Amino acid sequence: MTFNDNSKLDSGKVSKRGRNAAIGGGSAVVVVGLFILSQVLGIDLMGIAGGGGVGVGGTQTEETLDCPSGAAANASTDCLMVGAATSLDVYWADTAPALGVEYSTPEFVLFDQATSTGCGQASSATGPFYCPPDATLYVDTSFFDELRSRFGASGGTLSQMYVVAHEWGHHVQQLAGILGSTDHSLTGPASDSVRTELQADCFAGAWTGAASTIEDENGVTFLEPVTSEQIADALNAASVIGDDRIQQQSRGQVDPESWTHGSSASRQHWFETGLTGGPGACDTFGVPASEL
């Protein structure tokens, strides 16, 4: 998606930490993320869970982002994240109350290689995630290169903003009490874990469907109308991180009972459901397994 050059962004929505981020000790981790794939891949990607790690004993630096307008979002990935955050925050501040959710803005941290979080330590291998204890989204933007190089995603700005919108959806779930009332220890194609992730995909689609109508404080829309090619990029991103596709690539076989995020087809389906039906159509917990 392309930002209107003269739309006004809020750089304060996102902070960026430098590569020498200090790492705190491990803690009990409650992470609902796009890329928590240890159970799916059968390998340990959970560097976030504690113990030693990159940057232990280092110093954490904080960079102020200068992203005043949509033109900046069109020019750099960091500012694209600011643009996505600004638009998403306006959208959910207006939309969440209609869903019975008292909305508050999450923190959003970009980091390089490693950082400390309210869920313990995180590294680039963790992938983008939302941490409920500190109500913060964490993204190492090198993940977007990983989507293309390792998983074969087509790329594009909407595919990158889909990642942010998905994690923002987890924040809305946290505010709604969904994350605290579901059992994320279970796996399988109709498990609470999968239903949670598919609802976040649906919320991402709902924002995408409304994105070109969301306005800044001056009445200027943040984003130009989404194109069919951009929607295809987002759907492609949802597809390449489906549990079935990742398992097939990494193991050569698919084990649905270990799924935590949903199949490629389900992830695409629920993104499209939100895109056309809005957030009110995103009740993944109220449908039978056959409709997931």
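Structure shown above.
On a predicted model such as this, the values are computed, not experimentally measured, just so you know.

Quick look at the environment of Tyr162 now. Assignment of secondary structure puts Tyr162 in helix 5 (residues 157–176). For Tyr162, a relative accessible area of 1% corresponds to the buried category. It is 8.2 Å that separates the C-alpha atoms of Tyr162 and Asp201, two residues lying 39 residues apart in sequence. Within the structure, Tyr162 has its side chain in polar contact with the side chain of Asp201 (distance 2.7 Å).

In a structure, side chains of opposite charge can pair up when their charged atoms sit close to one another. This structure, assessed with the given rule, holds six salt bridges. Asp78 is the salt-bridge partner of Lys16, the closest N and O atoms lying 2.6 Å from each other. On the criterion of sequence distance, the pair formed by Lys16 in strand 1 (residues 15–17) and Asp78 in helix 3 (residues 77–95) is long-range, its members being 62 residues apart. Considered together, Lys16 and Asp78 belong to a single accessibility category, that of buried residues. Here Arg17 and Glu62 are joined by a salt bridge, their closest N and O atoms 3.9 Å apart. Taken together, the residues span a long stretch of sequence, with Arg17 in strand 1 and Glu62 in strand 3 (residues 62–63) at a distance of 45 residues.

Glancing now at helix 9 (residues 243–251). Turning to helix 9, its buried residues number three or more, namely Asp243, Ile246 and Gln247. Here the buried residues of helix 9 occupy an arc of 100° about the axis, which is enough to place them on one side.

Turning to the packing of helix 5 against helix 7 (residues 192–210), a few remarks are in order. Two elements in contact, helix 5 and helix 7, have axes separated by 7 Å at closest approach and are oriented at 120°. On the basis of the axis angle, helix 5 is oblique to helix 7. In the packing of helix 5 onto helix 7, the handedness of the crossing is right-handed. Where helix 5 abuts helix 7, its residues Leu158, Met161, Tyr162, Ala165, His166, Gly169, His170, Val172 and Gln173 lie against Thr196, Glu197, Gln199, Ala200, Asp201, Phe203, Ala204, Trp207 and Thr208.

What follows is about the pairing of strand 5 (residues 114–117). By the bridge criterion, four bridges tie strand 5 to strand 6 (residues 120–123) in an arrangement that is antiparallel. Bridge pairing links Ala114 to Ser123 in strand 6. Turn length for the strand 5-strand 6 hairpin, with the two strands adjacent in sequence and antiparallel, is two residues.

This next bit is on the nonpolar core. Counting 65 residues, the largest nonpolar core has Trp92, Phe108, Tyr162, Trp168 and Trp207 as its most contacted members. With nine residues, the top contributor of residues to this core is helix 3. Each residue touching Trp92, except ones within four places of it in the same chain, is listed here: Pro97, Leu99, Tyr103, Trp168, Val172, Phe203 and Pro279. Counting residues in hydrophobic clusters, the runner-up holds seven residues, among them Val109, Phe111, Cys131 and Tyr138.

This next bit is on the packing of aromatic side chains. The tally for this structure, following the rule as stated, stands at six aromatic pairs. Where Tyr91 meets Trp92, the ring centres are 5.0 Å apart and the plane angle is 75°; that geometry is what we call edge-to-face. Of the residues examined, Tyr91 reaches a relative accessible area of 7% and is grouped as buried. The exposure class assigned to Trp92 is buried, which follows from its relative accessible area of 0%. Relative to Phe203, the ring of Trp92 lies with its centre 5.2 Å away and its plane at 70°, an arrangement referred to as edge-to-face. Placement of Trp92 in helix 3 and of Phe203 in helix 7 is noted, with a sequence separation of 111 residues between them. Each member of the pair, Trp92 as well as Phe203, is classed as buried. An aromatic cluster is built from Tyr91, Trp92 and Phe203, whose rings are joined through pairwise contacts.

What follows is about helix 4 (residues 142–149). Turning to helix 4, its buried residues number three or more, namely Phe143, Phe144 and Leu147. Seen along its axis, helix 4 keeps its buried residues to an arc of 105°; they face one direction. Where helix 4 is buried, its residues touch helix 3, strand 8 (136–139), helix 5 and helix 8 (228–240).

Once that is clear, we can look at the pairing of strand 8. Neither face of strand 8 is left uncovered, since the one carrying Thr136 and Tyr138 and the one carrying Leu137 and Val139 both have all their residues buried. With four bridges joining them, strand 4 (residues 107–111) and strand 8 adopt parallel strand pairing. Directly across from Phe108, in strand 8, lies its bridge partner Leu137. The hairpin turn running from strand 7 (residues 129–131) into strand 8, its antiparallel successor, is four residues long, and Ala135 in that turn takes a positive phi close to 50°.

Conventions adopted
Residues numbered from 1 in each chain as written. Predicted model: local features only at pLDDT ≥ 70, side-chain atom pairs only at ≥ 80, totals over all residues. Heavy atoms only, no water. Helix = DSSP H or I, 4+ residues; strand = E, 2+ residues; numbered from the N terminus. Buried < 20%, exposed > 50% of the residue type's maximum accessible area, 1.4 Å probe, protein only. Polar contact = N/O pair within 3.5 Å; in protein donor to acceptor, adjacent residues only side chain to side chain. Salt bridge = Lys/Arg side-chain N within 4 Å of Asp/Glu carboxyl O. Arc of directions from axis to C-beta. Axes fitted to C-alpha atoms, helices over the stretch in contact; angles between N-to-C directions. Parallel < 35°, antiparallel > 145°, perpendicular 65-115°, else oblique. Left-handed = near helix turned anticlockwise from the far one by under 90°. Contact = heavy atoms within 4.5 Å. Pairing = 2+ DSSP bridges. Core = buried A, V, L, I, M, F, W, Y, C linked by side-chain atoms within 4.5 Å. Phe/Tyr/Trp six-rings, centres within 6.5 Å; stacked < 30°, edge-to-face > 60°.

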